Amino acid sequence: MCGIVCYVGKKQAKSILIGGLKQLEYRGYDSAGIAVQDGSNITCHRAVGRIVELEKKINGQEINGTLGIAHTRWATHGEPNERNAHPHTDPEQKVYLVHNGIIENYGLLKKKLQKEGHHFSSETDTEVLAHLIALNFDGSLNEAVRRTMSQVEGTFGLAVIHRDAEGEIVVARRGSPLIIGLSDEGNFAASDVSAMVRYTNQVVHLQDNELATLTLDDFAISTGQAKRIERTVETVEWHAEDADLDGFPHFMLKEIYEQPETVMNAMRGRLEPGEGVPKLGGITPVWDQLKTCRHLVMVACGTSYYAACVGRYIFEKLTDIDVEVELASEFRYRKLNFPPNTFIVALSQSGETADTLAAIREAKRKGARLLGIVNVVGSSISRETEAGIYNHAGPEIGVASTKIFTSQLAILTLMALLLGRHQNLSLTEGVEAIRALQALPAQIKKILSQANHIEAIAEKYYRCPNWLFLGRKFNFPIAMEGALKLKEVSYIHAEGYAAGEMKHGPIALISPQMPTVAILPKDDMYEKMVSNIQEIKSRRGPVVAITTEGNREICDLVDEVIEIPATLDFLNPILAVVPCQLLAYYCANLLCCDIDKPRNLAKSVTVE
Ligand code: AGP
């Protein structure tokens, strides 16, 4: 879950690499480093903490060279300190290497090399790679990296330079993302496009077990078996300014405010209002099988998993399909047995989450068909699924996922509506659903206009160390997502629970110091939720109610009310999550937390 970027070109590499690292910082931010080559001379600097610490260290230093590699780290092996920061080198300091991933057999390899007299200066798995590449080097860096790839087990996205291989960078990938960027100013490679989108939108995705040599004006891709590969250059739809704060104090708040537009983008060109049926070009390749599918399994992690949980309720409402929802990290180790024509839907913002990737590979092995709902174009999950739907939500920089969650819910609704309209859903129901979907962006805007009110509620309760989130049916997963957001960015302990479960345990936690966020739009679960709130109030627990606008009666029962516009019951989750996102944001802001880069987290979890 680190970020790597490298450049070889006409310009001085130092500032290009530092700029690229800043765009990648959300991937890992406990230490960073850079190595720049000028002829056979390589200058290397590493620092603990954020990129700014590295910048402070090299500011004013003349670091010449138009070729270099750089890294921002999320520690897996060895604590965050300068010794464990990348780039890593071999004992003669000829090889310099940055790596994203985990070398699983590094322990064995390290022991063997130590027996041969090698001394290691770090606790990392990565350093073993530098030693092996140096050992395998006999004039061709590309060949040395290829030999080393055959000796290691695990995952890597890596970039390496060598004193005796001037003018070239060799990059390689297995399991961790690596994208090559091509421009007139030179060539790049990085963990994701945001590190180079300022210079180019012409990219090539390296696939597993491939490596490439980058030079000033060329790149050559080959396989682990030295077979040359020709690959098409793709154009990225994002722009550099998409990765800027645009006047917001944090990316999380910017992305919360982007939701009217990103929900619209999730539906753009995908609605046929007159027919009451969506059109999803991305699943056309498998449509003949999918439309007869009666068993569907959604797999995902974290926030994407909670979107899938809402998705199950929506599919049950709109289709006759039996839907299961699975945590990818558990699913991959289960004894899987699928009825014929089972479809797996993998949900992932990054498209690189290791557990979700492994889960779909396991399901494929067991004969299931694979679909993806993914935001990052060209990512591993998008390439390893047969068909799918992109979110078109632009880059999500804040580690806490917000706009992608509502976009995932909108897309799941379109998918269920499309399948339902080919089953028992009537034209009228379809038209009504599409009308309600089209009203969502304006309704989200209306909720965002209550930001000051929501901030005032946060000011009242942000010192409370424990919170409870409750919901039923469609809104039960929103309770879990609301709790996750608060935990992620404010470090306040929070639990999301199905309200009906409260009496079976969590009610023991209720006290005047424990606020409960109750999600109760005016749907068929409303009365049940009111009784749950009465149980909490009778134990003097403060309650923040998220409910349908105009619901006056609830004001007498609860402490705070946040209104959401009226919509269809299966669309309430898209609206109800927005106040939860804002509550989490404002609590974290009041607690002065590092909102966009919460401790211990990273945006894309590319290791198991
Ligand atoms: C959510 O805010 C977190 N960043 C995390 O739970 C995330 O949802 C999870 O890691 C899945 O990521 P993905 O959607 O990129 O696969």
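The shown structure was predicted, so the numbers you read here are calculated from the model rather than taken from an experiment.

For the protein, the count of helices and strands is 18 helices and 27 strands. Relative to the compact-globule value of 25 Å for 608 residues, the protein shows a C-alpha radius of gyration of 25 Å, a close match. Classification of the 608 residues of the protein by burial places 63% in the buried group. For the protein, contacts bridging at least 24 residues in sequence account for 72% of all contacts bridging at least 6. As displayed, the protein offers around 22300 Å² of accessible surface, 49% of which is attributable to carbon and sulfur atoms. Averaging the coordinates of the 63 positive side-chain charges in the protein and doing the same for the 75 negative ones gives two points 3 Å apart.

For strand β7 (residues 156-162), a buried count of seven out of seven residues is recorded, marking the element as mostly surrounded by other parts of the structure. Judged by which residues are buried, β7 turns out to be covered on both faces: Phe156, Leu158, Val160 and His162 on one side and Gly157, Ala159 and Ile161 on the other are all buried. Pairing between strand β6 (residues 95-100) and β7: six bridges, direction antiparallel. Each bridged residue has a counterpart across the sheet, and for Asn100 the counterpart in β7 is Gly157.

A few words on the site of the ligand. Surveying the vicinity of the ligand reveals 14 residues, the closest of which are Ser304, Ser348, Gln349, Ser350 and Thr353. Between the ligand and Thr303, the relevant distance is 3.0 Å, taken from an oxygen atom to a main-chain nitrogen or oxygen of the residue. Within the side chain of Ser348, a nitrogen or oxygen atom sits 2.6 Å from an oxygen atom of the ligand. Protein contacts shield 91% of the accessible area of the ligand, which totals 410 Å² for the unbound molecule. In terms of residue count, helix α9 (residues 302-318) provides more of the shell around the ligand than any other element does, three residues in total. Taken together, the residues that form the shell around the ligand break down as four nonpolar, eight polar and two charged.

Summarising the element assignment, His118 is placed in the loop between α3 (106-115) and α4 (126-136). Here the side chain of His118 touches His131 through a polar contact of 2.8 Å, side chain to side chain. Ignoring sequence-local partners within four residues, the contact set of His118 consists of Pro91, Leu113, His131 and Leu135.

Side chains Ala387 and Ile389 project from strand β22 (residues 387-390) onto a buried face, and the interleaved Gly388 and Tyr390 project onto a face without burial. Strand direction decides the pairing type here: strand β21 (residues 369-374) and β22, joined by four bridges, are parallel. The partner of Val374 across the bridge, within β22, is Tyr390.

Enumeration over the complete set of coordinates arrives at nine aromatic pairs. On the basis of an interplanar angle of 45 degrees and a centroid distance of 5.0 Å, the ring pair of Tyr7 and Phe188 is categorised as tilted. Here Phe188 lies in strand β10 (residues 186-190) and Tyr7 lies in strand β1 (residues 3-9), a separation of 181 residues in the sequence. Among the residues examined, Tyr7 registers a relative accessible area of 1% and is labelled buried. Taken together, the ring pairs connect Tyr7, Phe188 and Tyr199 into an aromatic cluster. A cation sits over an aromatic face here: Lys522 above Tyr526, 4.5 Å from the ring centre. Looking at Arg599, its charged tip hangs above the ring of Tyr491, at a distance of 3.9 Å from the centre.

Another aspect to go through is the environment of Glu326. Assignment of secondary structure puts Glu326 in strand β19 (residues 322-327). Residue classification places Glu326 among the buried positions, given a relative accessible area of 13%. Taking the C-alpha atoms as reference points, Glu326 and Ala359, 33 residues apart in sequence, are found 9.5 Å from one another. If near-sequence neighbours (up to four positions away) are discounted, Glu326 is found in contact with Val297, Met298, Val299, Ala300, Tyr305, Phe331 and Arg334. In terms of polar contacts, Glu326 uses its side chain to reach the side chain of Arg334, at 2.8 Å.

Now for the packing of α3 against α4. Two elements in contact, α3 and α4, have axes whose closest approach is 10 Å; the angle formed by their N-to-C orientations is 55 degrees. Between α3 and α4, the interaxial angle falls into the category oblique. Like other packed secondary-structure pairs, α3 and α4 cross with a definite hand, here left-handed. Contact with α3, carried on its side by Tyr106, Leu109, Lys110 and Leu113, involves Val128, His131, Leu132 and Leu135 of α4 and no other residues of that element. In the contact of α3 with α4, the residues fall into six nonpolar, one polar and one charged.

The sheet built from eight strands is open, its strands ordered β3-β2-β4-β1-β10-β9-β11-β15 with antiparallel pairing. Lying at the two open borders of the sheet, with one neighbouring strand each, are β3 (41-48) and β15 (234-235). Along the sheet, helix α1 (residues 13-24) makes contact with β1, β2 (31-38), β4 (67-73) and β10, crossing β1 at roughly 155 degrees. On the sheet, helix α2 (residues 51-58) packs against β2, β3 and β4 and is oriented at approximately 130 degrees with respect to β3.

Turning our attention to the environment of Leu129. Assignment of secondary structure puts Leu129 in helix α4. A relative accessible area of 2% places Leu129 in the buried class. Those residues in contact with Leu129 that lie beyond four places of it in its chain are Leu97, His99, Ile103, Thr148, Val152 and Leu158.

An α-helical segment advances 3.6 residues per turn. Residues three or four places apart therefore align on the same side. With 19 residues, helix α13 (residues 403-421) ought to run about 27 Å at 1.5 Å a step, and its terminal C-alpha atoms sit 27 Å apart, in line with that. Within α13, 19 of the 19 residues are buried, leaving the element largely enclosed by the surrounding structure.

With that settled, consider the sheet that holds strand β12 (residues 210-215). An order of β5-β6-β7-β8-β12-β13-β14 is seen for the seven strands of this open sheet, with the pairing classed as antiparallel. Strands at the two margins of the open sheet, each flanked by one partner only, are β5 (88-89) and β14 (228-229). Sheet analysis places strand β8 (residues 169-174) next to β12, joined by five bridges and oriented antiparallel. Across the sheet, the residue bridging to Ile169 is Leu214, located in β12. Docked against the sheet, α4 engages β5, β6 and β7, running at close to 140 degrees with respect to β6. Here helix α5 (residues 141-151) sits on the sheet in contact with β7, β8, β12 and β13 (218-223), set at roughly 160 degrees to β12.

Next up on the list: the packing of helix α14 (residues 427-448) against helix α18 (residues 572-590). If you want to describe how two helices pack, look at the angle between their axes and the distance between the axes. As a packed pair, α14 and α18 sit with axes 10 Å apart at the nearest point and diverge in direction by 30 degrees. Of the possible angle classes, the one that applies to α14 and α18 is roughly parallel. For α14 against α18, the interelement crossing comes out right-handed. Judged by residue contacts, Leu440, Gln443, Ile444, Ile447 and Leu448 of α14 engage Ile574, Leu575, Val578, Pro579 and Leu582 from α18. Here the contact of α14 with α18 is composed, by residue class, of nine nonpolar, one polar and no charged.

The rules behind the values
Residues numbered from 1 in each chain as written. Predicted model: local features only at pLDDT ≥ 70, side-chain atom pairs only at ≥ 80, totals over all residues. Heavy atoms only, no water. Helix = DSSP H or I, 4+ residues; strand = E, 2+ residues; numbered from the N terminus. Rg over C-alpha atoms; globule rule 2.2 N^0.38 Å. Buried < 20%, exposed > 50% of the residue type's maximum accessible area, 1.4 Å probe, protein only. Contact = heavy atoms within 4.5 Å. Areas by Shrake-Rupley, 256 points an atom, 1.4 Å probe, with all protein chains shown as cover. Lys, Arg positive; Asp, Glu negative; His and termini not counted. Charge placed at Lys NZ, Arg CZ, Asp CG, Glu CD. Pairing = 2+ DSSP bridges. Near = heavy atom within 4 Å. Polar contact = N/O pair within 3.5 Å; in protein donor to acceptor, adjacent residues only side chain to side chain. Nonpolar A, V, L, I, M, F, W, Y, C, P; charged D, E, K, R; others polar. Phe/Tyr/Trp six-rings, centres within 6.5 Å; stacked < 30°, edge-to-face > 60°. Lys NZ or Arg CZ within 6 Å of the ring centre and 35° of its normal. Axes fitted to C-alpha atoms, helices over the stretch in contact; angles between N-to-C directions. Parallel < 35°, antiparallel > 145°, perpendicular 65-115°, else oblique. Left-handed = near helix turned anticlockwise from the far one by under 90°. Expected span 1.5 Å × (residues − 1).

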